[in-house]
Amino acid sequence: MFENFLDSYAHSNAIRNVNTYFKVLFGIITLIVSLVSTSPIIPLIIFISVSIIILYKAEIPVKFYLKFVTVPLTFASITFIFMALFFGTGQHIFNLGFLNLSVSADGFNRGFIVFSRIMGGFACMAFLGLTTPMTELFKVMEDMKFPKILLEISMLMYRYIFVSMDEAVTMYHSQETRLGYSSIKKSYKSMGILIANIFIKTWITGEKSFIAMESRGYDGSIRTMNDLGNIRNVGIKNLSYLILFEVILTYGVYLTSTYKIF
Amino acid sequence: MHIMEGFLPWYWCVFWYALAIPFIAHGVIRMKKITAENPEMKPLLAVCGAFIFIMSSLHVPSVTGSSSHPTGNGLGAVFFGATVISAICVPILIFQALLMAHGGITTLGANDFSMGVVGPFCAVFVWKFGRKVGLGYSAAIFLAAFIGDWMTYVTAATELGMAFPIPTFESAWIKMMIIYSYTQIPISIAESFLTVIIFEYIQKLRPDLLRRLNVIKTEEPNNSIKVPEVN
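Residues numbered from 1 in each chain as written. Chains lettered and ligands numbered in written order. Predicted model: local features only at pLDDT ≥ 70, side-chain atom pairs only at ≥ 80, totals over all residues. Heavy atoms only, no water.

### Quick notes on the overall build of chain B
Here is step 1 of the chain: Each helix and strand counted, chain B has eight helices and two strands in total.
Here is step 2 of the chain: Ordering the α and β elements of chain B from the N terminus gives α-α-β-β-α-α-α-α-α-α.
Here is step 3 of the chain: Compactness check: chain B gives a C-alpha radius of gyration of 19 Å against a globular reference of 17 Å for 231 residues, within 12% of the reference.
Here is step 4 of the chain: For chain B, the spread of C-alpha atoms along the principal axes amounts to about 85 × 30 × 30 Å.
Here is step 5 of the chain: For chain B, the residues scored as buried account for 61% of the 231 residues in total.
Here is step 6 of the chain: Across chain B, every contact between residues at least 6 apart in sequence was considered, and the portion connecting residues at least 24 apart equals 75%.
Here is step 7 of the chain: Summing over all exposed atoms, chain B offers an accessible surface of approximately 9,000 Å²; the carbon and sulfur share of this is 69%. (Helix = DSSP H or I, 4+ residues; strand = E, 2+ residues; numbered from the N terminus. Rg over C-alpha atoms; globule rule 2.2 N^0.38 Å. Buried < 20%, exposed > 50% of the residue type's maximum accessible area, 1.4 Å probe, protein only. Contact = heavy atoms within 4.5 Å. Areas by Shrake-Rupley, 256 points an atom, 1.4 Å probe, with all protein chains shown as cover.)

### A few points about the packing of aromatic side chains
One pair of aromatic rings is described through two measures. These are the centre distance and the angle between the planes.
All names here are of chain B.
Here is step 1 of the chain: With the rule as written, the count across this model stands at 37 aromatic pairs over all chains.
Here is step 2 of the chain: Each ring, one from W127 and one from F199, has its centre 5.9 Å from the other, and the planes form 65°; the classification is edge-to-face. Residue W127 is found in helix α5 (residues 108-132), and its partner F199 is found in helix α7 (residues 169-205); the two are separated by 72 residues along the sequence.
Here is step 3 of the chain: You can call W127 buried: its relative accessible area is 6%.
Here is step 4 of the chain: Ring centres 5.0 Å apart and planes at 85° place the aromatic pair Y153 and Y180 in the edge-to-face group. Taken as a pair, Y153 in helix α6 (residues 137-163) and Y180 in helix α7 lie far apart in primary sequence, 27 residues in all.
Here is step 5 of the chain: For Y153, a relative accessible area of 0% corresponds to the buried category.
Here is step 6 of the chain: Three or more aromatic residues joined by ring pairs make a cluster, and in this case those are W10, Y11, W12, F15, W16, F23, F113 and F121. (Phe/Tyr/Trp six-rings, centres within 6.5 Å; stacked < 30°, edge-to-face > 60°.)

### Brief notes about the interface of chain B and chain A
Here is step 1 of the chain: The interface is formed by 65 residues belonging to chain B together with 58 residues belonging to chain A.
Here is step 2 of the chain: Taking both sides of the interface into account, the surface hidden between chain B and chain A amounts to around 5,700 Å²; carbon and sulfur atoms contribute 85%.
Here is step 3 of the chain: Ranking the residues of chain B by area buried against chain A places B:F95, B:L98 and B:L99 at the top, with a combined share of 13%.
Here is step 4 of the chain: Our count for the contact surface shared by chain B and chain A stands at one salt bridge. (Buried area = accessible area lost by both parts, 1.4 Å probe. Salt bridge = Lys/Arg side-chain N within 4 Å of Asp/Glu carboxyl O.)

### Structural notes on the pattern of salt bridges
Here is step 1 of the chain: If you walk through the whole model with that rule in mind, you get four salt bridges over all chains.
Here is step 2 of the chain: Among the ionic pairs, A:E152 bridges to B:K42, the shortest N-O distance being 3.0 Å. Residue A:E152 is located in helix α7 (residues 148-177), and its partner B:K42 is located in helix α2 (residues 41-55); the two belong to separate chains. Across the pair, B:K42 and A:E152 agree in class, each one buried.

### Thoughts on a positive patch on the surface
Residues and elements named next belong to chain B.
Here is step 1 of the chain: Taken together, the side chains of R30, K33, K128 and K132 define a basic patch exposed on the protein surface.
Here is step 2 of the chain: Only α1 (10-37) and α5 provide two or more residues apiece to the positive patch.
Here is step 3 of the chain: By the secondary structure assignment, K128 is in helix α5. (Patch = residues over 30% accessible without salt bridge, like charges linked within 9 Å, V, L, I, M, F, W, Y side chains within 5 Å. Lys, Arg positive; Asp, Glu negative; His and termini not counted. Charge placed at Lys NZ, Arg CZ, Asp CG, Glu CD.)

### Some details on helix α9 (residues 236-255) of chain A
Residues and elements named next belong to chain A.
Here is step 1 of the chain: Here α9 is 20 residues long and its end C-alpha atoms lie 28 Å apart, about the 28 Å a rise of 1.5 Å per residue gives.
Here is step 2 of the chain: Here α9 has its buried residues at L242, E246, L249, G252 and V253. Axial view of α9: buried residues confined to an arc of 115°, hence all on one face. In α9, the exposed positions that point more than 90 degrees away from the buried face belong to I236, K237, L244, V247, I248, Y251, Y254 and L255. (Expected span 1.5 Å × (residues − 1). Arc of directions from axis to C-beta.)

This is how it looks when you write it as structure tokens:
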């Protein structure tokens, strides 16, 4: 369940050193354009074009990306089917022939729009998650005047997630070798012990590292090397590409605003 | 219960953001106060956050555009107060959206309102009420975790029903709740038992922290070591 973590790719992709603000601006604006679209065309175009950027510009392995895509794809497909079958009131265009189920035109359209919006939005988020390390996103949040205490807790939390996952894997394996998961009843019991222990273990580890940090002069802010550029040196060329891309997309939203499949 | 990115129309995104932000702001102020008084609370606060993150990552697909998973928000809410969880849920939801494609940036307001505002508030209410009528710590924390989890899902169903009121809000809401209950009833019961185990562990290991947070009552230390008087 945790193999979908993309932290390592965020640190080693081909556009890792591109200005962070540029990447964040690109991701967020495209996300919003995808959201306000009232037709399924533009979000699908966004999904395809951003996926191309992820695969060929950032050079994320295709296999990994495909595996990552299946998560939202499953959700979006379930949504599509569910909406087409149950969320329509208009005329029926297709009869399934059992249980009195039928696909209606407005349900199909609504489902398809939501499907494409989910995929479009996913691509933008995946772009951010795959190309920008969390620590740089923290820096951007700091510049956006996020409350300091919240950022500090977020950084500690981000660290603890990995600490507790390490603990969890070790404990899980040792439970497994002692036949902790040999029957359903036993696996429930082992799972309970596992999670309760992770909580305590992470906490103790966290407290130790907190004491270590405090004794080295920690005063509530974690300072990192800041070489991710500035919002001002995004560069005219990049900025004009960005604006051109978004304007074309917005114009597309306007053009296709009344388009429907049925 | 995380609503997928792009699932809600944009006006509902804005609406839920606007509703969640006052609670988040209050939570940040409270968090500042707690950590200024006791800096050693920071690791516990972060561990509670990591706990919510891990618990809500164990999801199975459920209602359209959403999923079913334990929430883990009852424990933190009882420890630190409901609005602190509202604030701490913001980075959790950002991590989940960016790292696991679970939830989303535009739907963050809606997700925070269900998981970080309504759920914790109900959990705290149940905890306080349970303690008042004389339930033990374990029974009260069990009920708090259970109600905190369930109210999160009731709110998520409300959000989905309001965004897609087809044919009417009531029928959409009932449809969502029925689908949620299939997966959520066993999950929430399991989560509540787990929360009780963790609570009892903490009570055994570090009762001093719980006392300082006013979660458990201050008792006279009866087994304290007597310091010999020095003349």
